[in-house]
Amino acid sequence: MNIDWASLALVAITTVVAAVAIVGIFSLGVAALTSGGGRETGGSIVTNPPSAAAKIAGYACVGISGLLVLYGLYLIIPQFH
Amino acid sequence: MSTTLFLVSLVIITALFFDFTNGFHDSANAMATSVATGALQPKVAVLIAAVLNVAGAFLSTEVAKTISGGIVNDALVTPTMIFAGLVGAILWNLMTWLLGLPSSSSHALFGGLIGAVLIGAGVSGVNFSVVVSKIVLPAIVAPVVAALAAGAATFILYKMIKRADSEPRAGWFRYAQTVSASMVALAHGTSDGQKTMGVITLVLITAGYQDSGTGPQFWVVAAAGLAIGIGTYSGGWRIMRTMGKGIVDVHAPQGFAAETTSAAAILASSHMGFGLSTTQVCSGSIIGSGVGKKLAHVRWTTARKIFYGWLLTLPAAALVGGAAAAIALTGTLGLVIVFAALIAGALAIYAISKRAPVSSSNVNDSADVTINPEKTSVSA
């Protein structure tokens, strides 16, 4: 029987690393962009804007996630190869 | 009409029918979590998935040169065996849909083909070591790897963000989830859309209607793309409910982690030469998104039921495919009988599904897919 253990391992590792990295980067961005904190007033949550630095870092993370989506599209669409 | 033309027409119609069931079976893979979290309205979700599946079908240029990738000896496969294999695959797809079980359409197709080839060409026609390396092993690897990756991603997400399930954070994750789900849908179109085109093209070549070595004709691409698109749009709501509500009650951050993992796994597997089933990857990711979240409840009874379904997919489809081949190989009358049985079986399953229907309007109302109407459908 011919089982390609090497590509199996490669696919497994790539999946775990990619999933954790992409989810981590985007979550970091969301954490930064919603870092202003919020207070509850009568049931509705009022959020304060994040600091300027947090805003820049947050949008940078979201931007990187966007680039990763473009890379995914590049991989999916065969015309780009 | 000559016998050949009759047979070829029958195979094409059956192949397009299979493509349709493939679409509505796999609609949930991309969209179940987005529907469950309310990121997308059910009808909008399936419309996006359908459009992306059709787009994917048109984008795919590399059409499968072999039907089975070496699982059966392609030189021995006749159009009648392909027809019988498709019948087995369609009936298994409809049966699992009735029970609300996500199961791999490709594995159903391989199972049907194996059964048909066993009857038509004998044991030597099936390459059992390839069955193990390309179907059995990936069926174990796919859900485990996806669950591990999605579990880790979900765990880290909830560690990094406090109260990720509440606004305004959940809103961000709903957007992100929609994007990853769309990637899964597009990738699905490029891979599964071309499977049916490959089958039809090979049958046309075998019957002498098309030159060997040429690609699919435009009408084949259009018909296959349309069939999978209509199938996707029809939603397969029974499976959608199981994947969105039945395994884990998915929240937007979990849905985002699950769909991102699925997209990563599908792309990694298709570019690194170890093919994994989209359905098994997506089911594993959803389980992982439940395992990785503290206090989340994974319904293992449902997960186990799905796993048993996967174990049965190959033998069950093979059984039907074999029986269909035994009848169809007797001649034109046999072909007609098998086709009539397929239509009758499909209508019967559809009629049974109407006893306890699941549609876009009630997909999120319950976590269970039942065959008999629930006695207490009005909840207190």
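Quick summary incoming for the structure in this document. Being a predicted model, the structure only gives us computed values, none of them experimental. (Residues numbered from 1 in each chain as written. Chains lettered and ligands numbered in written order. Predicted model: local features only at pLDDT ≥ 70, side-chain atom pairs only at ≥ 80, totals over all residues. Heavy atoms only, no water.)

Some remarks on the overall build of chain B
The helix and strand tally for chain B stands at 12 helices and 0 strands. The globule rule puts the C-alpha radius of gyration for 380 residues at 21 Å, and the 20 Å found for chain B is close to it. In terms of overall dimensions, chain B has C-alpha extents of about 65 × 50 × 35 Å along its principal axes. Looking at chain B residue by residue over its 380 residues, the buried ones come to 58%. Accessible surface computed for chain B: about 14,600 Å², of which carbon and sulfur atoms make up 68%. Separation of charge centres in chain B, based on 20 positive and 13 negative side chains, amounts to 11 Å. (Helix = DSSP H or I, 4+ residues; strand = E, 2+ residues; numbered from the N terminus. Rg over C-alpha atoms; globule rule 2.2 N^0.38 Å. Buried < 20%, exposed > 50% of the residue type's maximum accessible area, 1.4 Å probe, protein only. Areas by Shrake-Rupley, 256 points an atom, 1.4 Å probe, with all protein chains shown as cover. Lys, Arg positive; Asp, Glu negative; His and termini not counted. Charge placed at Lys NZ, Arg CZ, Asp CG, Glu CD.)

Let's talk about the nonpolar core
Met 31, Ile 71, Ile 82, Phe 83, Leu 86 and Met 240 of chain B are the most contacted members of the largest nonpolar core, which totals 109 residues. Not counting the four nearest positions on each side in its chain, Phe 83 of chain B is found in contact with Leu 10, Val 11, Thr 14, Ala 328, Leu 335, Val 338 and Phe 339 of chain B. One finds Val 23 and Val 30 of chain A together with Leu 157 and Phe 256 of chain B within the second-largest nonpolar core, a separate group that totals 13 residues. (Core = buried A, V, L, I, M, F, W, Y, C linked by side-chain atoms within 4.5 Å. Contact = heavy atoms within 4.5 Å.)

Let's talk about the packing of aromatic side chains
Enumeration according to the criterion identifies 9 aromatic pairs over all chains in this entry. Centroid distance Phe 26 of chain A to Phe 256 of chain B: 5.0 Å. Interplanar angle 55 degrees. Geometry classified as tilted. With one member in each of two chains, Phe 26 of chain A in helix α1 (residues 5-33) and Phe 256 of chain B in helix α9 (residues 252-271) form a pair that bridges those chains. Phe 26 of chain A sits in the buried class, given a relative accessible area of 7%. Among the residues examined, Phe 256 of chain B registers a relative accessible area of 4% and is labelled buried. (Phe/Tyr/Trp six-rings, centres within 6.5 Å; stacked < 30°, edge-to-face > 60°.)

Here we look at the interface of chain A and chain B
Each partner contributes to the interface: chain A provides 39 residues, whereas chain B provides 41 residues. Across the chain A/chain B interface, buried area totals approximately 3,300 Å², and carbon plus sulfur atoms make up 86% of it. The largest per-residue losses of area from chain A upon contact with chain B belong to Val 11, Val 23 and Ile 76 of chain A, which jointly make up 18% of the total buried on that side. Across the chain A-chain B interface, the total number found is 0 salt bridges. Here chain A and chain B share 3 residue pairs in polar contact (both at pLDDT 80 or more) between them. Where the side of chain A that touches chain B is concerned, the elements lending two or more residues are α1, β2 (44-47) and α2 (52-76) of chain A. Element by element, the count of residues in the side of chain A that touches chain B is highest for α1 of chain A, at 21 residues. (Buried area = accessible area lost by both parts, 1.4 Å probe. Salt bridge = Lys/Arg side-chain N within 4 Å of Asp/Glu carboxyl O. Polar contact = N/O pair within 3.5 Å; in protein donor to acceptor, adjacent residues only side chain to side chain.)

With respect to helix α4 (residues 105-121) of chain B
Residues and elements named next belong to chain B. With 17 residues, α4 extends 23 Å from end C-alpha to end C-alpha; this agrees with the ideal 24 Å at 1.5 Å per step. Of all 17 residues that make up α4, 13 are buried, and the element is covered over most of its length. A side-chain oxygen of the first residue of α4 lies 3.3 Å from the backbone nitrogen of Ser 106; this N-cap is Ser 104. (Expected span 1.5 Å × (residues − 1).)

Some details on the environment of Leu 101 of chain B
For Leu 101 of chain B, the position within the fold is in the loop between α3 (79-98) and α4. For the pair formed by Leu 101 of chain B and Met 240 of chain B, sequence separation is 139 residues and the distance between their alpha carbons is 9.2 Å.

Concerning the side chain of Ser 353 of chain B
Residue and element names in this part refer to chain B. In this structure, Ser 353 sits in helix α12 (residues 332-353). Among the polar contacts made by the side chain of Ser 353, one reaches the main-chain carbonyl oxygen of Tyr 350 at a distance of 2.6 Å. Setting aside its immediate chain neighbours within four residues, Ser 353 contacts Trp 97, Leu 98 and Arg 238.

Observations concerning a nonpolar patch on the surface
On the surface, Leu 118, Ile 119, Val 123, Phe 128 and Leu 329 of chain B cluster together into a nonpolar patch covering about 440 Å² of accessible area. Within the secondary structure, Ile 119 of chain B is located in helix α4. (Patch = residues over 30% accessible without salt bridge, like charges linked within 9 Å, V, L, I, M, F, W, Y side chains within 5 Å.)

Considerations on the packing of helix α2 (residues 42-59) of chain B against helix α6 (residues 169-206) of chain B
All names here are of chain B. Relative orientation of the contacting elements α2 and α6 amounts to 50 degrees, with a least axis distance of 7 Å. One way to sum up the angle between α2 and α6 is to call them oblique. α6 is crossed by α2, and the crossing has right-handed handedness. Residues Ile 48, Ala 49, Leu 52, Asn 53, Ala 55, Gly 56, Ala 57 and Leu 59 of α2 lie in contact with α6, whose contacting residues are Ser 182, Ala 185, Leu 186, His 188, Gly 189, Thr 190, Gly 193 and Met 197. Taken together, the residues of the contact of α2 with α6 sort by class into 9 nonpolar, 7 polar and no charged. (Axes fitted to C-alpha atoms, helices over the stretch in contact; angles between N-to-C directions. Parallel < 35°, antiparallel > 145°, perpendicular 65-115°, else oblique. Left-handed = near helix turned anticlockwise from the far one by under 90°. Nonpolar A, V, L, I, M, F, W, Y, C, P; charged D, E, K, R; others polar.)

Structural notes on the pattern of salt bridges
All names here are of chain B. Evaluation of the coordinates by the stated rule reveals 3 salt bridges over all chains. Residue Lys 245 pairs with Asp 249 through a salt bridge whose shortest N-O separation is 3.3 Å. Residue Asp 249 is classed as partly exposed on the basis of its relative accessible area, which comes to 44%. The closest approach of N and O atoms between Asp 368 and Arg 299, which form a salt bridge, is 3.0 Å. One end of the pair, Asp 368, is in the segment after α12; the other, Arg 299, is in the loop between α10 (278-291) and α11 (300-328), and 69 residues separate them in sequence.

So, the packing of helix α1 (residues 3-37) of chain B against α9 of chain B
Residue and element names in this part refer to chain B. Interaxial distance between α1 and α9 falls to 9 Å at its minimum, and their mutual angle equals 170 degrees. Compared by their axis directions, α1 and α9 come out roughly antiparallel. Of α9, the residues touching α1 (which contributes Asn 29, Ala 30, Thr 33 and Thr 37) are Ala 252, Gly 255 and Glu 259.

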